[in-house]
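Residue-level structure breakdown
For reference, the chains in residue letters:
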Amino acid sequence: MIPAKRGTETFSLNSALRPDGVPAAGPGSRGSDSWWAEVSAVFRKDLRSELRTRSAVGTILMFALTALVLIAFTVPTTGLGLTTKILPDGALQDAVRLGKPVLFTENTETRDALLSSLYWVVLYFSAMTGLPRVFVKEEEMGTAALLRLTTRPSAVFTGKLLFNVVMLLVLTLLIVPLFALFYDPQVRDWPLFLGHVIVGAGAIAGAATMLGALVSRTNNRGYLMVVLGFGPLLPILILGINGTAAAISGDNGNNLAGLVSYWVMMTLVSGLLFDRVWVE
Amino acid sequence: MVELHLENLGKSFGKRAVFRGVWASLRTGETLVVTGHNGSGKSTLLSVTAGLVGADTGRVRCLVDGREISADERRQRVGLVAPDLILYPELTALENLEFFARVRGLPWTAPAGAALLEQVGLGGRGPDQVGTFSSGMRVRLKYAVALQPEPRFLLLDEPTAMLDTGGAAIVEQVIAGQRSRGVLVLATNDPRETRHGDLFLELGPQA
Amino acid sequence: MNRSRERSPALWKWLVGPWMIGVTLLAYLWAQPLNNGFQSPEAARIIFWHVPMAMLGLVWFWIGAVHGVRYLYGKRRGDPGLDAKIHFANEVGLICTILATLSGMVFAAVQWGTPWNWDPKQVSISVLILLYLAYFGVRMSVEQEALRARLSAVYSIFGAVATPVLFYVIPNLPQIAKLHPPASTITSGLDPKWRLIYWASTLGFLWTTLWLYELRLRTAAVEEALEVVEAPATEVRLQAMRRPAA
């Protein structure tokens, strides 16, 4: 073992075939510095094949768009009782007498809660459709075996977790403007709204990555994820819905600390359990 | 000095035993040939040996200079070529090589990768997506991936399946070269390949 | 499984019947109806049936999760017997949870006027039911036994980790309107008689569910024994041989 001699030669078949002793990979060459390189290799590989095939992002974006449009068509989120109110009694009589408009615009608590729930339901179903793809793709294409053979489980998990977090953040950044456009939510506190939306997306990706690995090994890859995700992800949805509703109405109701702690907890548990799901 | 010991290996799928009580010991320069009819468990035995599938009974021990290597290290020391291993079709040949080099913690340079492709007869095809490759070219690329870390333990399942005469000649070279580097396990029924064996193991219904 | 237990008539199982009859009699004859805050003073007796069920549901899910950890990491890693324990603990937990939901609905109809009103604890318990139905969904989606056991053990742990958040954190969020009394009502603010009967009932139900669990484990063991075809007793040794000298 002569680590210093490892250069281009390592990859040449000639040296591999040479009868005399050949420098071999030193056993110590897989330190923690190499772990990050492995994680980043997995992440970049997934990103590259995603950009080339657009299998996950395209699907979930279409899914989210369809859901947003469908809800915009079918669920009344504007109008009397939701965005417009009749002036209160005394003011109403004055307005009638003076010939002024009797309606005024103001968000109601119901509308805040409704819009905020719509957002998270769309995000949940889009995420459950798209996030397992990183693992389902490997199993369906049959590439999982070679990945198992060559890559440490922890590097596979972390790389794919990063990829899913990035993918869900991209999705979030694409659907928030659409949401604002279609529903006119009249958010009072945008930083708080975006804070919940971004941290919530990260938390969903954190808990859903391991479940995606689990689902990819079952016979029901297509729809099991929506069912499995519900219980473990509901706390995120409830915290998110409450937080964004508060941000829309301008009330104080900051659930970011709760979201972050649940995110950290679920990601740690996922990371611990992952190799039991992944390794044959 | 490299040693590979299969000790009382057994594997079943559900209630059906694929093989039981398999024993073998080989050291640097030796080749084990595993034969047996289709479905006798040759591929499964290789997967178990590579550490891809866990055994139900017994264990696989890989020793380098008398020291047993860890599962982590095994990923860097074991090369496996098998029909059911699949490379990423949406990546190019070079990108595949780069990915597997990086996840195994090996140093990577593009010229070295190109040289390796040259030697498995895929010179100039580095920038092409693997999805456009013929099945024989994919097998050649699998050899490149398996040989990348200069594996001390090389496992070949149906070594020349899908390959043309040029490809088969490369496999001959690889088999000969492995003698100096470590141990080799071949799963094959082809008499042109079984002749390389020092040890033989026939899987199948046991009398 | 355990032969000595099978042979001796299990006295503790026979005692469960009288015990629960005693608890029921005490609950209706000894405990005085409570007037504070209950629409119908008689309805307060829900505490003896509903609360132990909800609590035992969680206890059994956690027993399942602990066996899950043992299955994945313990000394008996990969033992199908442990998989059966996770499976049946979760099954018993699911039965308890469903009974708690049903008894809660009866109470809600009397107390709040409608059997279902999305009180946070009703949300939590319905999520719990869905969570463990999903556990059985995982089991049904994998054919290979070892993999099925592994994946469902992982999900069982994952689900159990979410339960404290579902049951203690979410219902106590300041923004959420709730109808259920806080859990401390049981532990401190209760009439001593009521507390005694409550704990006696919890013990009785724990006892009953333990029996149910045992029974499931033993029937499964019998089924398993019927199914297994005896492997040939002879030790197989398939040794790689050297090439015979030419």
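The text that follows walks through the structure, step by step, so that each part is easy to find.

Criteria and thresholds
- Residues numbered from 1 in each chain as written.
- Chains lettered and ligands numbered in written order.
- Predicted model: local features only at pLDDT ≥ 70, side-chain atom pairs only at ≥ 80, totals over all residues.
- Heavy atoms only, no water.
- Helix = DSSP H or I, 4+ residues; strand = E, 2+ residues; numbered from the N terminus.
- Buried < 20%, exposed > 50% of the residue type's maximum accessible area, 1.4 Å probe, protein only.
- Contact = heavy atoms within 4.5 Å.
- Areas by Shrake-Rupley, 256 points an atom, 1.4 Å probe, with all protein chains shown as cover.
- Buried area = accessible area lost by both parts, 1.4 Å probe.
- Salt bridge = Lys/Arg side-chain N within 4 Å of Asp/Glu carboxyl O.
- Polar contact = N/O pair within 3.5 Å; in protein donor to acceptor, adjacent residues only side chain to side chain.
- Nonpolar A, V, L, I, M, F, W, Y, C, P; charged D, E, K, R; others polar.
- Pairing = 2+ DSSP bridges.
- Axes fitted to C-alpha atoms, helices over the stretch in contact; angles between N-to-C directions.

**Description of the overall build of chain C**
Across its full length, chain C carries eight helices and two strands. Along chain C, helices and strands appear, N-terminal first, in the series α-α-α-α-α-α-α-α-β-β. By the burial criterion, 45% of the 246 residues in chain C qualify as buried. For chain C, restricting intrachain contacts to residue pairs at least 6 apart in sequence, the fraction spanning at least 24 positions comes to 77%. Within the structure as shown, chain C displays about 13,300 Å² of accessible surface, and the carbon and sulfur contribution to it stands at 68%.

**Considerations on the interface of chain C and chain A**
Taken together, the contact between chain C and chain A spans 28 residues of the former and 33 residues of the latter. Of the roughly 2,600 Å² buried between chain C and chain A, counting both surfaces, carbon and sulfur atoms make up 74%. For the pair chain C and chain A, the number of links is zero salt bridges. On the surface where chain C and chain A come into contact, there are eight residue pairs in polar contact (both at pLDDT 80 or more). A total of eleven residues in the side of chain C that touches chain A trace back to one element, the largest contributor, which is helix H6 (residues 145-169) of chain C. Classifying every residue of the side of chain C that touches chain A by side-chain character gives 22 nonpolar, three polar and three charged.

**Here we look at the sheet that holds strand E6 (residues 78-81) of chain B**
Spatially, the six strands line up as an open sheet ordered E6(B)-E7(B)-E8(B)-E3(B)-E9(B)-E2(C), and their pairing is mixed. Each of the sheet's edge strands pairs with one partner strand only, and the pair in question is E6 of chain B together with strand E2 (241-242) of chain C. Looking at chain direction, E6(B) and strand E7 (residues 153-157) of chain B are connected through four bridges and run parallel. Along E7(B), the bridge assignment pairs B:Val81 with B:Leu156. Relative to the sheet, helix H5 (residues 135-147) of chain B contacts E6 and E7 of chain B, its axis offset from that of E6(B) by approximately 170°.

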